[in-house]
Amino acid sequence: MKKILVTKPFMAPRKEYEVYIKKIWDNQWLTNMGPFAVELEQKLQTHLDVENLMFVSNGTIALHMAIKVLGLKGEIITTPFSFVATSNSIMWEGCTPVFVDIEKGSLNIDPSLIEAAITEKTTAILATHIFGNPCDVEAIQEIAVKHKLKIIYDAAHSFGVKFKNNSIFKYGDISTCSLHATKFYHTGEGGLIIANDAEILKALGYIRNHGLQEDQGFASIGTNAKNSEFHAALGLVNLKYVDDILKKRREIAKIYERKLKNKLEFQVWNNSASKNNCYFPVVFSSEKQLLHVKERLEQNNIYTRRYFYPSLSSSLPYLDPVILPITEDISKRCLCLPIYFDLNLEDVENICNLILSEI
Ligand code: T4K
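Residues numbered from 1 in each chain as written. Predicted model: local features only at pLDDT ≥ 70, side-chain atom pairs only at ≥ 80, totals over all residues. Heavy atoms only, no water.

1. Section: the sheet that holds strand β11 (residues 280–283)
Here is step 1 of the chain: Across the sheet, 3 strands lie side by side as β10-β11-β12; this open sheet has antiparallel pairing. Two strands close off the open sheet at either side, each with one partner strand: β10 (265–266) and β12 (334–337).
Here is step 2 of the chain: Its contacts with the sheet place helix α9 (residues 242–260) against β10, β11 and β12, and it is angled at close to 15° to β11. (Pairing = 2+ DSSP bridges. Helix = DSSP H or I, 4+ residues; strand = E, 2+ residues; numbered from the N terminus. Contact = heavy atoms within 4.5 Å. Axes fitted to C-alpha atoms, helices over the stretch in contact; angles between N-to-C directions.)

Following this line, the structure appears as structure tokens:
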């Protein structure tokens, strides 16, 4: 029986990648911001219509670097409904995550609850545009200005999303993105940092390369967040297919929406934003129903994922648990359905039929 996973990486025609491999062999240049990494940065800046973009080794190190470059200390207000990399990065950088509950519809941090969580130790808000859906960036901006806080957006899922016709990456002080193989546009492993200030990008450039400042010694503390020519080449090849990938994902999403509406809840998308269908989350009426459907799908070789369960606020072994009602509830009832370029539309119809027969 054919196996259907929650996602599969997009694989461009191999021959196109082999052309780059040959050039990498000829160049004998493998990493440390070689020609393909530089070219990818330039092409992504144009494609995404942003300035101050940096290609790094993954979306997690991008978060670490964002916290580091802004010099954040103390408490960082964040969302409990995200991949664990969001709160891990805060802890790794020696700060304390302060979780604020999410909105039931958007599944993003609830801006109306942020002010009550601010203390004299708060230095920033680190919010995730979950499943690519933009947070209420205007409300968050207002709060940040009022309380002199920095904003980092974990935009790991938001490649290509526009808010009011602007790249969502332009909001906040820094946005980070993941280009991991599980993302619809990927470089195998990879990440992006987009800063709203050229000076910040310059400082990030030093951090990415051990703090080295060309031949003048050290600019700052640093790490190794560079990415390789092989990953950059994958990104260059895949970039040509972004529109095709988005088109296919839209077709898949439309089937899920048509067949499952009125039966399951969907994420409420920001009405000023475009969609990239990075994931297809659905919310069941109960955890029991979710577990039943998940098991039935697995019996048919269809694998879904409980992104994001359990809630970060109540399950991290290194933090005291905090019970936030909406997050607890949503994280138990939310399931991501398969969505990827190679998925047949007929299979999507069958997945829906199977779900409908079980609820
Ligand atoms: N912030 C947020 C909000 C994030 O979601 C993430 C990452 C980050 C930050 C950090 O970005 P990175 O440092 O990862 O760039 C996956 C991904 O590893 C992770 O990138 C992603 N978010 C997270 C939501 O999902 P797992 O543990 O669920 O992945 P895994 O290996 O179980 O794969 C998922 C499915 O994809 C499986 O069905 C298998 C399939 N798969 C996977 C890979 C890697 C393939 O078919 N081929 C492949 O090459 O974490």
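2. Examining the domain arrangement of the chain
Here is step 1 of the chain: Domain parsing of the chain yields domain 1 (14–239) and domain 2 (242–356).
Here is step 2 of the chain: Summarising the inter-unit geometry, the C-alpha centres of domain 1 and domain 2 are found 24 Å apart.
Here is step 3 of the chain: With 39 residues of domain 1 in contact, the opposing surface of domain 2 contributes 33 residues.
Here is step 4 of the chain: Both faces considered, domain 1 and domain 2 share a buried interface measuring about 3,200 Å² in area, 66% of it formed by carbon and sulfur atoms.
Here is step 5 of the chain: The largest share of the area that domain 1 buries against domain 2 comes from F81, F131 and F184, three residues that together contribute 24% of it.
Here is step 6 of the chain: The tally of links from domain 1 across to domain 2 stands at 1 salt bridge.
Here is step 7 of the chain: Taken together, domain 1 and domain 2 are joined by 16 residue pairs in polar contact (both at pLDDT 80 or more).
Here is step 8 of the chain: Elements that contribute at least two residues to the side of domain 1 that touches domain 2 include exactly α4 (84–92), β3 (96–99), β6 (162–163) and α8 (229–239).
Here is step 9 of the chain: The greatest single-element share of the side of domain 1 that touches domain 2, amounting to 4 residues, is contributed by α4. (Domains from an automatic or database assignment. Buried area = accessible area lost by both parts, 1.4 Å probe. Salt bridge = Lys/Arg side-chain N within 4 Å of Asp/Glu carboxyl O. Polar contact = N/O pair within 3.5 Å; in protein donor to acceptor, adjacent residues only side chain to side chain.)

3. Some points on empty space enclosed by the protein
Here is step 1 of the chain: All told, the structure shown has 3 cavities of 30 Å³ or more when counted by the stated rule.
Here is step 2 of the chain: Taken as a whole, the largest cavity spans an internal volume of roughly 50 Å³.
Here is step 3 of the chain: Residues of the lining of the largest cavity, tallied by class, amount to 5 nonpolar, 2 polar and 1 charged.
Here is step 4 of the chain: Size it by volume and the second largest cavity reaches roughly 40 Å³.
Here is step 5 of the chain: The wall of the second largest cavity is formed by K8, P9, F10, K183, F184, I245, R249, Y340 and F341.
Here is step 6 of the chain: The residue inventory of the lining of the second largest cavity, partitioned by class, reads 6 nonpolar, no polar and 3 charged. (1 Å grid on protein atoms, 1.4 Å probe; cavity = no way out; pocket = protein on both sides within 12 Å on 5 of 7 lines; lining within 4 Å. Points joined across faces, edges and corners; volume = space filled by probe spheres on them. Nonpolar A, V, L, I, M, F, W, Y, C, P; charged D, E, K, R; others polar.)

4. A closer look at unusual backbone geometry
Here is step 1 of the chain: With an omega of 5°, the peptide bond running from Y307 to F308 counts as cis.
Here is step 2 of the chain: With respect to the element layout, F308 can be found in the loop between α10 (287–299) and α11 (312–315).
Here is step 3 of the chain: Residue P310 follows Y309 across a cis peptide bond; omega there is -5°.
Here is step 4 of the chain: Positive phi, normally seen in glycine, also occurs at K164, with a value near 50°.
Here is step 5 of the chain: Checked against the element boundaries, K164 lands in the loop between β6 and β7 (166–167).

5. Quick notes on the nonpolar core
Here is step 1 of the chain: The biggest cluster of nonpolar side chains holds 68 residues, and the ones touching the most others in it are F131, F159 and L192.
Here is step 2 of the chain: The residues that make up this core include at least three from each of domain 1 (14–239) and domain 2 (242–356).
Here is step 3 of the chain: Non-local contacts of F159, meaning those with residues more than four positions away in its chain, are made with L44, H47, L48, F169, C177, L179, F184, Y185, L192, L239, V242 and N276. (Core = buried A, V, L, I, M, F, W, Y, C linked by side-chain atoms within 4.5 Å. Buried < 20%, exposed > 50% of the residue type's maximum accessible area, 1.4 Å probe, protein only.)

6. Details of helix α12 (residues 325–333)
Here is step 1 of the chain: Those residues of α12 lying buried are T327, E328, I330, S331 and R333.
Here is step 2 of the chain: The elements touched by buried residues of α12 are β10, β11, α10, α11 and β12.

7. Overview of the site of the ligand
Here is step 1 of the chain: T60, D154, H157, R305 and Y307 are the nearest of the 26 residues found near the ligand.
Here is step 2 of the chain: For the ligand, an oxygen atom lies 2.7 Å from a polar atom in the side chain of S178.
Here is step 3 of the chain: Here K183 contributes a side-chain N or O atom positioned 3.0 Å from an oxygen atom of the ligand.
Here is step 4 of the chain: If the ligand stood free it would expose 930 Å²; the protein chains cover 75% of that surface.
Here is step 5 of the chain: Those elements that place two or more of their residues in the shell around the ligand are α3 (59–69) and α4. (Near = heavy atom within 4 Å. Areas by Shrake-Rupley, 256 points an atom, 1.4 Å probe, with all protein chains shown as cover.)

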